[in-house]
Amino acid sequence: MKLSTKIKKCTLDDLEQLQNIAIETYNETYSHLNTPENMHDYLEKAFSTSQLKNELDNELSTFFLLLENNVIAGYLKINVDDAQTQHVSKENALEIERIYVKSNFQDKGLGRILLNKGIEFAREQNKENVWLGVWNKNKTAIDFHRNMGFEVEGEYSVFVGDEEHVNY
């Protein structure tokens, strides 16, 4: 079967699909590394309908869904200017806040496609720097980003429930 990959910009009409892929991929990636209580608390807060609606409504944030043979396989969230989660050179930077691919679609180059979409979007917005955060315990993601040319330039903390996660 020939693969057909498409990237679609999200709108409010995609809210339910975005919520489903966000919860599924976050669970796949991190549930084995967190307590069920912390995962539940984080997912309820980060991916609630109202939270995602606010993020979709923010003109400084953009979501994309990646479809493989018309099935949602992953997604990307990009932030510019004041929507960025950390204080970096906001004027000339773009943050890739979320880049996730469902586990059954991994190892097919789809993460690279999403990351390249973020870089392409940065060029269109005349941004000079692209940055992202990755949990220091997520070796797969760290290796992927290093292979794509990213380097560790600092650290910051994110809380999942009551547990502190250090991101590079």
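Our subject in this report is the structure included herewith. Note on numbering: residues in each chain are counted from 1, in written sequence order. Reporting of local features is limited, given that this is a predicted model, to residues whose pLDDT is at least 70; pairs of side-chain atoms are given and counted only at 80 or more, and all residues count toward the totals for whole chains, interfaces and linings. The side-chain numbers reported here are obtained from all heavy atoms of the structure, hydrogens and water having been left aside.

The next subject is the overall build of the protein. A tally of helices and strands in the protein yields 5 helices and 7 strands. Helices (α) and strands (β) of the protein occur, in sequence order from the N terminus, as β-α-α-α-β-β-β-α-β-α-β-β. Each radius of gyration reported is based on C-alpha atoms, and the globular scaling rule is 2.2 Å times the count of residues to the power 0.38. Taking 15 Å as the expected radius of gyration for a compact globule of 168 residues, we find that the protein reaches 15 Å, a close match to that expectation. By principal-axis analysis of the C-alpha atoms, the protein measures approximately 40 × 35 × 35 Å. Considering only residue pairs separated by 6 or more positions, the protein has 61% of its internal contacts joining residues 24 or more positions apart. Accessible area of the protein: about 9600 Å², with a carbon and sulfur share of 45%. The convention is simple: Lys and Arg are positive, Asp and Glu are negative, and His and the chain ends are not counted. Think of each charge as sitting on NZ of Lys, CZ of Arg, CG of Asp or CD of Glu. Mean positive and mean negative side-chain charge positions of the protein (18 and 28 charges, respectively) differ by 7 Å. By definition, any uninterrupted DSSP run of H or I lasting at least four residues is a helix, any uninterrupted run of E lasting at least two residues is a strand, and each is numbered from the N terminus. Throughout, a contact is declared for two residues whenever any of their heavy atoms are within 4.5 Å. Computed with the Shrake-Rupley method and a 1.4 Å probe, the accessible areas treat only the protein chains shown as cover for residues.

Let us look at the pattern of salt bridges. Here, a salt bridge means any side-chain nitrogen of Lys or Arg that lies within 4 Å of a carboxyl oxygen of Asp or Glu. If you walk through the whole model with that rule in mind, you get 10 salt bridges. Across the salt bridge formed by Lys8 and Asp14, the nearest N and O atoms sit 2.6 Å from each other. Note on Lys8: relative accessible area 35%, which makes it partly exposed. In this structure Asp14 comes out as buried when scored by relative accessible area, which is 5%. Between Lys127 and Asp81 there is a salt bridge, with the nearest N and O atoms lying 2.9 Å from each other. One end of the pair, Lys127, is in the loop between helix H4 (110-124) and strand E5 (129-132); the other, Asp81, is in the loop between strand E3 (71-80) and strand E4 (93-101), and 46 residues separate them in sequence. Burial classification: accessible surface area is computed with a 1.4 Å probe over protein chains only, and a residue below 20% of its type maximum counts as buried, one above 50% as exposed, and the rest as partly exposed. What makes Lys127 buried here is its relative accessible area of 14%. Owing to a relative accessible area of 26%, Asp81 belongs among the partly exposed residues under this scheme. Bridged by salt links that share partners, the residues Glu55, Lys77, Glu97 and Arg98 form one connected network.

Every buried residue of helix H3 (residues 49-57) is accounted for by Leu52, Glu55 and Leu56. Buried residues in H3, looked at end-on, bunch into an arc of 100 degrees, giving them a common side. Against helix H1 (15-30), helix H2 (36-46), strand E2 (61-68), E3 and E4 lie the buried residues of H3. In this description, the arc belongs to the directions extending from the helix axis to the C-beta atoms.

Right, let's get into the packing of H1 against H2. Look at H1 against H2: their axes get within 11 Å of each other, and the N-to-C directions meet at 155 degrees. Our classification of the angle between H1 and H2 gives roughly antiparallel. In this structure, the crossing between H1 and H2 has a hand that is right-handed. Of H2, the residues touching H1 (which contributes Ile23, Tyr26, Asn27 and Tyr30) are Met39, Tyr42 and Leu43. Here the axes come from fitting lines to C-alpha atoms, over the contacting stretch only for helices, and the angles between their N-to-C directions go from 0 to 180 degrees. Throughout this description, any angle smaller than 35 degrees is read as roughly parallel, any larger than 145 degrees as roughly antiparallel, any in the 65 to 115 degree range as roughly perpendicular, and the remainder as oblique. Helix crossings get a hand from a simple test, with the near helix turned counterclockwise from the far one by less than a right angle marking a left-handed crossing and a clockwise turn marking a right-handed one.

With that out of the way, let us pick up H2. Burial in H2 covers these residues: Asn38, Met39, Tyr42, Leu43 and Ala46. Each buried residue of H2 sits inside an arc of 125 degrees when the element is viewed along its axis, so together they form one side. H2 presents Pro36, Glu37, Glu44 and Lys45 as exposed residues on the side facing more than 90 degrees away from its buried surface. Next to the buried residues of H2 lie H1, H3, E4, strand E6 (156-160) and strand E7 (163-167).

Right, let's talk about the sheet that holds strand E1 (residues 5-9) for a bit. Two strands are counted as paired when DSSP detects at least two bridges linking them. Spatially, E1-E2-E3-E4-E5 is the arrangement adopted by the 5 strands of the open sheet, whose pairing is mixed. The strands lining the two open edges of the sheet, one partner per strand, are E1 and E5. For this sheet the average axis-to-axis angle between neighbouring strands, irrespective of direction, equals 25 degrees. One ladder, built from 7 bridges, connects E3 with E4; its direction is antiparallel. Each residue of the ladder has a partner; that of Tyr75, found in E4, is Tyr100. Of the strands in this sheet, E2, E3 and E4 are in contact with H1, which crosses E3 at around 95 degrees. H3 rests against E2, E3 and E4 of the sheet, and its axis sits at about 105 degrees to E2.

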